[in-house]
Amino acid sequence: MRAFTAAAVQFAPEPGPLTEASVRRNIDRAVSWTRRCVERSGAELVVLPETCTTGFNPGVPAAELRGLVSEVPGPVSEPIQRVARELGVHVCFGTYERAAETVHNAAVLVGPDGDVLGVYRKVHPFRVEDARHGGWAAPGGEVTVVDTPLGRIGMAICFDGDFPELWRIMAVRGAEVVCRPSALLRSADIWELTTRARAYDNHVYVVAANAVGADPAGTLYFGNSMVVTPIAEVVARAATHEGWAAARLDPAAAMASLTPGSSVRHSFDHLAERNLEVYGKYAADLLGPASTPFPR
């Protein structure tokens, strides 16, 4: 990883109803906000919210949603690919992606030449969107970490932040930065807690972009996009309106001190100090089904 500026951009999707025209306008807004952010902040990595091409709750049935989005690469991604090429930057954005028989909630990483470098499909759909529970999106089945000129970049989407196992796999696979496009439906406390915890657990930078405004179904989002360091310091935070939070990510300074600004050097490594012998004894427990004992 080399030092660079990263930005988490938050903007509101078009209000409902969801149509081909509103999807185009959302994509245009994604392009416009990316250009504005790069021109003003100098960011080389721009992260946009989850499903920013439609809004999280599309307010239409799954079959209709599938007809309004596209494969990746495809019409949904191409305008963002063009602006990434024009500006010479990396862009990670969230979109619903058309698949053979379903829809995935995807994060797409585009490189500075405009190529799609990687697509991550949300492994943990939130209950309301999960097709297995009557929603509109099917879960993905792969972890994604991409080699880029900036460093090794992983991707997680919103509710994925509640599942440490996914992030640990990315870290073990060498992720240095994780992009977290989101449209979080819970509290600002949960948003900050999970983002900072996953950064600290795995000693990775997290660039977390959360939606603002209302989606086509009228669900409201609170923004608070942030950039978090490998020692859980929030070094940039957006407010609740449209805009961005940007910060310099420097691998030389990432773990220079035990806590932010401390004179005590950082000495431990959460990855190297895992007790693999003990974990091996309980691998079946980690990989087996379970549920909370508490009623819900």
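Data block above holds the structure.
Residues numbered from 1 in each chain as written. Predicted model: local features only at pLDDT ≥ 70, side-chain atom pairs only at ≥ 80, totals over all residues. Heavy atoms only, no water.

Overview of the nonpolar core
Going by this rule: Throughout, nonpolar core names a set of buried Ala, Val, Leu, Ile, Met, Phe, Trp, Tyr and Cys residues whose side chains join them through atoms within 4.5 Å. Exposed residues in this analysis have more than 50% of their type's maximum accessible area, buried residues have under 20%, and partly exposed residues fall in between, with area computed by a 1.4 Å probe over protein chains only. Secondary structure elements follow DSSP: runs of H or I no shorter than four residues count as helices, runs of E no shorter than two count as strands, and numbering proceeds from the N terminus. Contacts between residues were defined by any pair of non-hydrogen atoms, one from each residue, lying within 4.5 Å.
Formed by 44 residues in total, the largest nonpolar core has its most connected members in Leu45, Met155, Met170, Val177, Val207 and Leu249. Ranked by the residues each element gives to this core, the list is headed by strand β9 (residues 205-210), at five residues. With residues up to four places along the chain from it excluded, the contact list for Leu249 reads Met1, Arg2, Ala3, Phe4, Ala6, Val177, Tyr205, Val207 and Val227. Among the nonpolar cores identified, the runner-up in size contains 23 residues, and Ala43, Ala84, Val89 and Phe93 belong to it.

Let's talk about the sheet that holds strand β4 (residues 103-110)
The criterion, for reference: Should DSSP find at least two bridges between two strands, the strands are taken to pair. Every axis in this analysis is a line fitted to C-alpha atoms, fitted for helices over the stretch in contact. Angles between the N-to-C directions lie between 0 and 180 degrees.
Pairing is mixed in the open sheet, where six strands are placed in the order β5-β4-β3-β2-β1-β14. Across the chains shown, the open sheet's two edge strands, defined by having one partner strand only, are β5 (116-121) and β14 (243-249). Ignoring strand direction, the axes of neighbouring strands in this sheet form an average angle of 25 degrees. With respect to the sheet, helix α3 (residues 78-87) is in contact with β3 (90-98), β4 and β5, its orientation differing from that of β3 by roughly 170 degrees.

Remarks on a nonpolar patch on the surface
So the rule is basically this: Residues enter patches when they are more than 30% accessible in relative terms and free of salt bridges; like-charged ones are connected within 9 Å and nonpolar ones (Val, Leu, Ile, Met, Phe, Trp, Tyr) within 5 Å. Using a 1.4 Å probe, the Shrake-Rupley method yields the accessible areas, and only the shown protein chains count as cover for residues. Whenever Lys or Arg places a side-chain nitrogen within 4 Å of a carboxyl oxygen from Asp or Glu, that contact is recorded as a salt bridge.
A cluster of nonpolar side chains, contributed by Leu276, Val278, Tyr279, Tyr282, Leu286 and Leu287, occupies part of the molecular surface with about 660 Å² of accessible area. Contributing elements (two or more residues each) for the nonpolar patch: α6 (276-281) and α7 (283-287). Among the elements that line the nonpolar patch, the one with the most residues is α6, at three residues. Tracing the backbone shows Leu287 in helix α7.

Observations concerning the packing of helix α4 (residues 164-172) against helix α5 (residues 188-202)
What counts is decided by this rule: Note on angle classes: values under 35 degrees are labelled roughly parallel, values over 145 roughly antiparallel, values of 65 to 115 roughly perpendicular, and the remainder oblique. Handedness of a crossing follows from how the near helix is turned relative to the far one, being left-handed for an anticlockwise turn of less than a right angle and right-handed for a clockwise one. As a working rule, the residues Ala, Val, Leu, Ile, Met, Phe, Trp, Tyr, Cys and Pro are called nonpolar, Asp, Glu, Lys and Arg charged, and the rest polar, with Gly in that last group.
Taken N-terminus to C-terminus, the directions of α4 and α5 make an angle of 40 degrees; their axes are 10 Å apart at the nearest point. One way to sum up the angle between α4 and α5 is to call them oblique. Note that α4 runs across α5; the crossing there is right-handed. Together, Pro164, Trp167, Arg168 and Ala171 of α4 and Arg198, Asp201 and Asn202 of α5 make up the contact between the two elements. For the contact of α4 with α5, the residue count by class is three nonpolar, one polar and three charged.

Considering the packing of aromatic side chains
For clarity, the cut-off: To pair, rings of Phe, Tyr and Trp, with the six-membered ring standing in for Trp, must have centres within 6.5 Å; the planes then decide the type, stacked if under 30 degrees apart, edge-to-face if over 60, and tilted in the middle.
All chains considered together, the criterion is met by four aromatic pairs. Taking the centre distance of 6.2 Å and the plane angle of 75 degrees together, the rings of Trp33 and Trp244 count as edge-to-face. A residue pair is termed long-range when its members are at least 10 positions apart, and Trp33 in helix α1 (residues 20-41) and Trp244 in strand β14 qualify at 211 residues. For Trp244, a relative accessible area of 24% gives the class partly exposed. Arranged with centres 5.2 Å apart and planes meeting at 90 degrees, the rings of Phe159 and Phe163 form a pair that is edge-to-face. Assessed through its relative accessible area of 17%, Phe159 is described here as buried.

Nothing here speaks to function; it is geometry throughout.
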